[in-house]
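Overview (structure and organization)
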Amino acid sequence: MSTKEAVAGDSGDATPMPEQDVTPIELFFDLVFVFAFTQVTGFLVDHLTWTGMIRGAALFAALWWAWVTYSWLTGAVPAEERLPARLVILTAMSAMLIVALAVPDAFGDDGVLFGVAYFVVRALHVVLYAVATPPETHDAVLRAAPGFLGGPAFLVVAGLFDGPLAGGLWIAALAIDYGIVLVRGVEGFHVNVGHFVERHRLVLIIALGESLIAIGVGAEGLPLSTDVVLAALFGIALIIALWWLYFDYVVLAAEQTLAAASGHDQTRMARDSYSYIHLLMVGSIIFIALGIEQTLAHVSEPLGTVAAAALFGGAALYLLGHNAFRYRDHRNISLERLIVTIIALMLTPLAVQVPAIVALGGITMLFIGLAAYETVRNEHRHKFRTS
């Protein structure tokens, strides 16, 4: 079966869907998430506390789930070809811009604005899904609608309060939103495998691009001394290693596995491996970006505890996400990536004792070494099998 075919329907029978490439309107829609991810990193920079990290993670989780729901939608609805669908997507994009603008003060004066704009984004998704998809998908959307709308509605209410009550409402909102498709299932939704995987490849590149922006933000206004230039090179080398570790093996094997699945197994795998587990990988890159930005801003000083935890903990979370991805699809893990995950966590206390450039250089060399080892090993295995 081609990787651009999908299996759908409540019966579980294999019904090939037409091939569909990622469209210009989807790429255009994703641009607002570039800004939104940058806003989350900016929020973290301005709130370098443990509470700030938790709130930043919650903000990213909300933004991620908005992107996820539309990634499923645009795989099922040809928005590029239908004028009403195109207008809905562009309206949602406009509302998403307001969400992103409200991120810096989403837990303060702009809380209600954030919640209302976010609710509009999610409501437009449900409406378009319900009116423009086949009957079985229409029923699936209505089954999930209480969570898809109830979670965002809680965020509107959360904007009216502060302190523990607001935090509790945020937890409830995310739990309802993420939990609805786990409790009620994804039967009836459609997966166009090639399109679906490509969308997630692109959003991971968006997150990596945000890390590149973090290098520029961290170096802004600084003289380009040897330390600053070296730190910038460490930063981009780490970003390259993150890219390499994902695209050299993980995504290729996962696409083949998803394409080989059928019926309900395929949609559940798509939900678990991409909608849920990619949250760990893409979210971890946001925290790594924070660590890189803080290194450039304080290149000769030790990183603070929170910044060091963001850099090294984010790196560990990235590899943990890879292993969760691999285990869900193949029921095995990479021992090498697990070992590097543990090493990254163990090095975190040391990172607050040495200059930031040394800490960044250390985690960069660790990830380059992992990528190089896996590449050489895989090339050796390939030559052995073909000889």
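Residues numbered from 1 in each chain as written. Predicted model: local features only at pLDDT ≥ 70, side-chain atom pairs only at ≥ 80, totals over all residues. Heavy atoms only, no water.

Time to look at the overall build of the chain. For the chain, the count of helices and strands is twelve helices and zero strands. Each helix (α) and strand (β) of the chain, taken in turn from the N terminus, gives the series α-α-α-α-α-α-α-α-α-α-α-α. With respect to the three principal axes, the spread of C-alpha positions in the chain is 65 × 60 × 35 Å. A total of 387 residues make up the chain; the buried ones form 55% of that total. Across the chain, contacts joining residues at least 24 apart in sequence account for 80% of those joining residues at least 6 apart. Carbon and sulfur atoms make up 68% of the accessible area of the chain, which amounts to about 15900 Å² in all. Once the 19 positive and 32 negative side-chain charges of the chain are each reduced to a mean point, those two points are 9 Å apart. (Helix = DSSP H or I, 4+ residues; strand = E, 2+ residues; numbered from the N terminus. Buried < 20%, exposed > 50% of the residue type's maximum accessible area, 1.4 Å probe, protein only. Contact = heavy atoms within 4.5 Å. Areas by Shrake-Rupley, 256 points an atom, 1.4 Å probe, with all protein chains shown as cover. Lys, Arg positive; Asp, Glu negative; His and termini not counted. Charge placed at Lys NZ, Arg CZ, Asp CG, Glu CD.)

As enumerated under the stated definition, the model contains 21 aromatic pairs in all. Arranged with centres 6.3 Å apart and planes meeting at 25°, the rings of Phe 60 and Trp 64 form a pair that is stacked. Taken as a pair, Phe 60 and Trp 64 lie in helix H2 (residues 50-76) at a separation of four residues, close to a single helical turn. An aromatic cluster of three or more residues is present, and its members are Phe 29, Phe 33, Phe 37, Phe 60, Trp 64, Trp 67 and Tyr 70. (Phe/Tyr/Trp six-rings, centres within 6.5 Å; stacked < 30°, edge-to-face > 60°.)

What follows concerns empty space enclosed by the protein. If you walk through the whole model with that rule in mind, you get five cavities of 30 Å³ or more. If you go around the largest cavity, the residues you meet are Trp 65, Val 68, Thr 69, Trp 72, His 125, Tyr 129, Phe 148, Val 181, Val 186, Phe 189, Arg 271 and Ser 275. Put simply, the parts of the chain that give the lining of the largest cavity at least two residues each are H2, helix H4 (111-132) and helix H9 (263-297). With four residues, H2 is the largest single contributor of residues to the lining of the largest cavity. For the lining of the largest cavity, the residue count by class is eight nonpolar, three polar and one charged. (1 Å grid on protein atoms, 1.4 Å probe; cavity = no way out; pocket = protein on both sides within 12 Å on 5 of 7 lines; lining within 4 Å. Points joined across faces, edges and corners; volume = space filled by probe spheres on them. Nonpolar A, V, L, I, M, F, W, Y, C, P; charged D, E, K, R; others polar.)

Glancing now at the confidence of the model for the chain. For the chain, mean pLDDT is 90; residues scoring 70 or higher make up 92% of the total. Confidence scores differ between elements of the chain, with helix H12 (residues 356-386) showing the lowest mean pLDDT of 86 and helix H11 (residues 335-351) the highest of 97. Taken as a whole, residues 1-16 scores under 50 in pLDDT and shows 51 contacts with residues more than four places along the chain or in a different chain. (pLDDT = per-residue confidence, 0-100.)

What follows concerns the nonpolar core. One finds Trp 64, Trp 170, Ile 363 and Phe 367 to be the most contacted residues of the largest nonpolar core, which totals 129 residues. A total of 16 residues in this core trace back to one element, the largest contributor, which is H2. If near-sequence neighbours (up to four positions away) are discounted, Phe 367 is found in contact with Leu 238, Ala 241, Leu 242, Leu 245, Ala 315, Tyr 318, Leu 319 and Val 340. (Core = buried A, V, L, I, M, F, W, Y, C linked by side-chain atoms within 4.5 Å.)

Our next topic: the packing of helix H10 (residues 305-330) against H11. For any two helices packed against each other, one specifies the inter-axial angle together with the distance between the axes. At a minimum axis distance of 9 Å, the contact between H10 and H11 shows a crossing angle of 170°. The orientation of H10 relative to H11 falls into the category roughly antiparallel. Counting all contacts with H10, which are made through Ala 308, Ala 309, Phe 312, Gly 313, Ala 316, Leu 319, Leu 320, His 322 and Asn 323, the residues of H11 involved are Arg 337, Leu 338, Val 340, Thr 341, Ala 344, Leu 345, Leu 347, Thr 348 and Ala 351. (Axes fitted to C-alpha atoms, helices over the stretch in contact; angles between N-to-C directions. Parallel < 35°, antiparallel > 145°, perpendicular 65-115°, else oblique.)

The next thing to look at is unusual backbone geometry. The backbone phi angle of Arg 331 is positive, close to 60°, even though this residue is not glycine. Position of Arg 331 relative to the elements: it lies in the loop between H10 and H11. Taking the relative accessible area as the measure of exposure, Arg 331 reaches 52% and is therefore exposed.

Here we take up the pattern of salt bridges. Across all of its chains, the model carries eleven salt bridges by this definition. Residue Glu 198 is joined to Arg 201 by a salt bridge in which the shortest nitrogen-to-oxygen separation is 3.0 Å. One end of the pair, Glu 198, and the other, Arg 201, are both in helix H7 (residues 193-219), three residues apart, so they sit about a helical turn from each other. Note that Arg 337 and Glu 374 form a salt bridge whose closest N and O atoms lie 2.6 Å from each other. Pair noted here: Arg 337 is in helix H11 and Glu 374 is in helix H12, with a separation of 37 residues, a long-range link. For the pair formed by Arg 337 and Glu 374, the shared burial category is buried. Bridged by salt links that share partners, the residues Glu 26, Asp 30 and Arg 199 form one connected network. (Salt bridge = Lys/Arg side-chain N within 4 Å of Asp/Glu carboxyl O.)

Let us look at the environment of Ala 145. Position of Ala 145 relative to the elements: it lies in helix H5 (residues 135-158). For the pair formed by Ala 145 and His 125, sequence separation is 20 residues and the distance between their alpha carbons is 9.9 Å.

What follows covers the packing of helix H1 (residues 24-46) against H7. The contact between H1 and H7 brings their axes to 9 Å, and the two run at 40°. Between H1 and H7, the crossing angle belongs to the class labelled oblique. Between H1 and H7 lies a crossing whose hand is right-handed. Of H7, the residues touching H1 (which contributes Glu 26, Leu 27, Asp 30, Val 34, Phe 37, Thr 38 and Thr 41) are His 195, Arg 199, Leu 202, Val 203, Ile 206, Ala 207, Glu 210 and Ile 213. Partitioned by chemical class, the residues of the contact of H1 with H7 number eight nonpolar, three polar and four charged. (Left-handed = near helix turned anticlockwise from the far one by under 90°.)

Attention now moves to the environment of Leu 149. By the secondary structure assignment, Leu 149 is in helix H5. For the pair formed by Leu 149 and Glu 80, sequence separation is 69 residues and the distance between their alpha carbons is 25 Å. Beyond its immediate sequence surroundings of up to four residues, Leu 149 is in contact with Phe 119, Arg 122, Ala 123 and Val 126.

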